[in-house]
Amino acid sequence: MRPLSAIESLRAQVRQIEGRHRRGTTVLPFGLAAVDSRLPDGGLPCGALHEVAGGGNGAIDGAAAALFSAGIAARTRGKVLWCVTRPDLFAPALSQAGLKSDRVIYLEGGDEKTVLACVEEGLRHGGLGAVVAEVARLNMTASRRLQLAAEGSGTIGIALRRWRRQTEASDFGQPTAATTRWRISALPSTALPVPGVGRPRWLVELIRCRAGESADFELEACDDTGHLRLPADLVHGPGQAEGGQHSASA
């Protein structure tokens, strides 16, 4: 048996400090080798908090980020708790991303403090497939509480970051306890051989991944089963297969 490298040894120490030795790591694969290979265990860790935000104008409307989150939630089992502060979530769009309305429990909180409290309770419940919180602010203390609640139950938590003004989006760069951080930006849709609108295309950026590397991918949006897809014109592209090569903080 080969000895552990310094990096592997450090990762093992970090996992032990975080208490991960008490629960086996389970993951939710995206089903795309280009993406899953960039995640330490070959998929999105369950029992963890993940941050998702839109890029550019998407930081305000949150459309692509919400659909990306819906695709993740759609691939879990059980009901999904989706907590918002504004009553502008378009449920039929979530259904197109695979998250059917009969699986979703919508909760409208009066403010973000209420939303975060409800999300924490949802994560601690342990009987939900995923819990989504639409919030603008997320500090280290609040995110740590959500991360610990997710670890205790094994439920995926998603902090869907959305701001009212573009200038507020700089908050996305502040440190949190989330295991991964994603930014989703809309790109021109996939071209069709006939007149019409093709499948939406996104720039999916994995900005931070604990014990992993950052990367970016050009992908087609979630289908009605919650799965992303490599655009046909990029399937054989070396850049897409390689992904980003930037280091992500642990």
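All of these numbers come straight from a predicted model, not from anything done at the bench.

Locating Ser 101 in the fold gives a position in the loop between α5 (91-96) and β5 (104-108). Take Ser 101: its relative accessible area is 51%, and that puts it in the exposed class.

Scanning the entire structure with this criterion turns up 14 salt bridges. Note that Glu 112 and Arg 137 form a salt bridge whose closest N and O atoms lie 3.7 Å from each other. Separated by 25 residues along the polypeptide, Glu 112 in helix α6 (residues 112-125) and Arg 137 in the loop between β6 (130-135) and α7 (140-153) bring together distant segments of the chain. In the salt-bridge network here, residues are joined through shared partners; they are Glu 51, Arg 161, Asp 171 and Arg 181.

Let's shift gears to unusual backbone geometry. The backbone phi angle of Ala 211 is positive, close to 65°, even though this residue is not glycine. Examined against the element boundaries, Ala 211 turns out to sit in the loop between β9 (201-209) and β10 (215-220).

Let us look at the pairing of β6. β6 sits mainly inside the fold: 6 of its 6 residues count as buried. Every second residue of β6 is oriented toward a common face, with Ala 130, Val 132 and Glu 134 on one face and Val 131, Ala 133 and Val 135 on the other, all of them buried. With 4 bridges joining them, strand β4 (residues 80-84) and β6 adopt parallel strand pairing. Considered in β6, the bridge of Cys 83 is made with Ala 133. Across 6 bridges, the pairing between β6 and strand β7 (residues 156-161) is parallel. Note that in β7 the partner of Val 131 across the bridge is Gly 157. Following the backbone out of β6, through α7 and into the adjacent parallel β7, one traces a crossover that is right-handed.

Scoring rules and cut-offs
- All residue numbers refer to positions counted from 1 along the written sequence of the respective chain.
- Restriction of local features to residues with pLDDT of at least 70 applies here, the model being predicted, together with a cutoff of 80 or more for giving and counting side-chain atom pairs; totals for whole chains, interfaces and linings are based on all residues.
- Remark: hydrogens and water are excluded; side-chain values derive from all non-hydrogen atoms of the structure.
- Think of it this way: any DSSP run of H or I at least four residues long counts as a helix, any run of E at least two long counts as a strand, and we number them from the N terminus.
- Note on exposure labels: buried denotes an accessible area under 20% of the residue type's maximum, exposed denotes more than 50%, and partly exposed covers the range between, all computed with a 1.4 Å probe on protein chains only.
- Counted as salt bridges are all cases of a side-chain nitrogen of Lys or Arg within 4 Å of a carboxyl oxygen of Asp or Glu.
- Strands are labelled as partners when DSSP assigns at least two bridges between them.
- Seen with its strands pointing away from the viewer, a crossover is right-handed when the path leading from the first strand over the helix to the second is clockwise.

That is the geometry; function is a separate question.
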